[in-house]
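# Breakdown of the fold
Each chain, written out:
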Amino acid sequence: MILKALSRNFELVFWVTAMLCFALTIPSSTSHFTLCPLKLLGFNWCPGCGLGHAIIYLFHGQLAASVHAHWLGIPAVAIIFHRIAVLFLRSR
């Protein structure tokens, strides 16, 4: 029963879990595992780099640091929270 509900609402569980992980991460941590293909290939610049840090700073109330890390952090959080709301209302 739980597995059926989880598989039906996988995206909702994924986004809520991701947001909780961002909220519980310490903003000052600089070293982390990356899935970025450009970083793994040795490139120093990536258009998405800093987005995760921007979201973490935002959750910790550090708005200036969030915008400095990546200017799309605030819109990304708004879009993800909107998606969570849509998925939650659809699952009811």
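Before reading on, note that the structure itself is shown above.
Residues numbered from 1 in each chain as written. Predicted model: local features only at pLDDT ≥ 70, side-chain atom pairs only at ≥ 80, totals over all residues. Heavy atoms only, no water.

### A closer look at the packing of aromatic side chains
A complete count under the given rule lists 3 aromatic pairs for this structure. Geometrically, the ring pair formed by phenylalanine 59 and phenylalanine 81 is edge-to-face, given 6.1 Å between the ring centres and 85 degrees between the ring planes. Taken as a pair, phenylalanine 59 in helix 4 (residues 51-59) and phenylalanine 81 in helix 6 (residues 73-91) lie far apart in primary sequence, 22 residues in all. Assessed through its relative accessible area of 29%, phenylalanine 59 is described here as partly exposed. For phenylalanine 81, a relative accessible area of 39% corresponds to the partly exposed category. Three or more aromatic residues joined by ring pairs make a cluster, and in this case those are Phe10, Phe14 and Trp15. (Phe/Tyr/Trp six-rings, centres within 6.5 Å; stacked < 30°, edge-to-face > 60°. Helix = DSSP H or I, 4+ residues; strand = E, 2+ residues; numbered from the N terminus. Buried < 20%, exposed > 50% of the residue type's maximum accessible area, 1.4 Å probe, protein only.)

### Comments concerning helix 2 (residues 10-24)
Under the 1.5 Å per step criterion, the end-to-end length of helix 2 is 21 Å for 15 residues, consistent within 8% with the ideal 21 Å. For helix 2, the complete set of buried residues consists of Leu12, Ala18 and Met19. When helix 2 is viewed along its axis, its buried side chains cluster within an angular range of 135 degrees and face the same direction. Facing away from the buried surface of helix 2 by more than 90 degrees, the exposed residues are Phe10 and Leu24. (Expected span 1.5 Å × (residues − 1). Arc of directions from axis to C-beta.)

### Quick word on the packing of helix 2 against helix 6
Look at helix 2 against helix 6: their axes get within 9 Å of each other, and the N-to-C directions meet at 140 degrees. What the angle tells us is that helix 2 and helix 6 run oblique. Both helix 2 and helix 6 take part in a crossing whose hand is left-handed. Every residue of helix 6 that contacts helix 2 at Glu11, Leu12, Trp15, Val16 and Met19 is listed here: Ile80, Phe81, Arg83, Ile84, Leu87, Phe88 and Ser91. (Axes fitted to C-alpha atoms, helices over the stretch in contact; angles between N-to-C directions. Parallel < 35°, antiparallel > 145°, perpendicular 65-115°, else oblique. Left-handed = near helix turned anticlockwise from the far one by under 90°. Contact = heavy atoms within 4.5 Å.)

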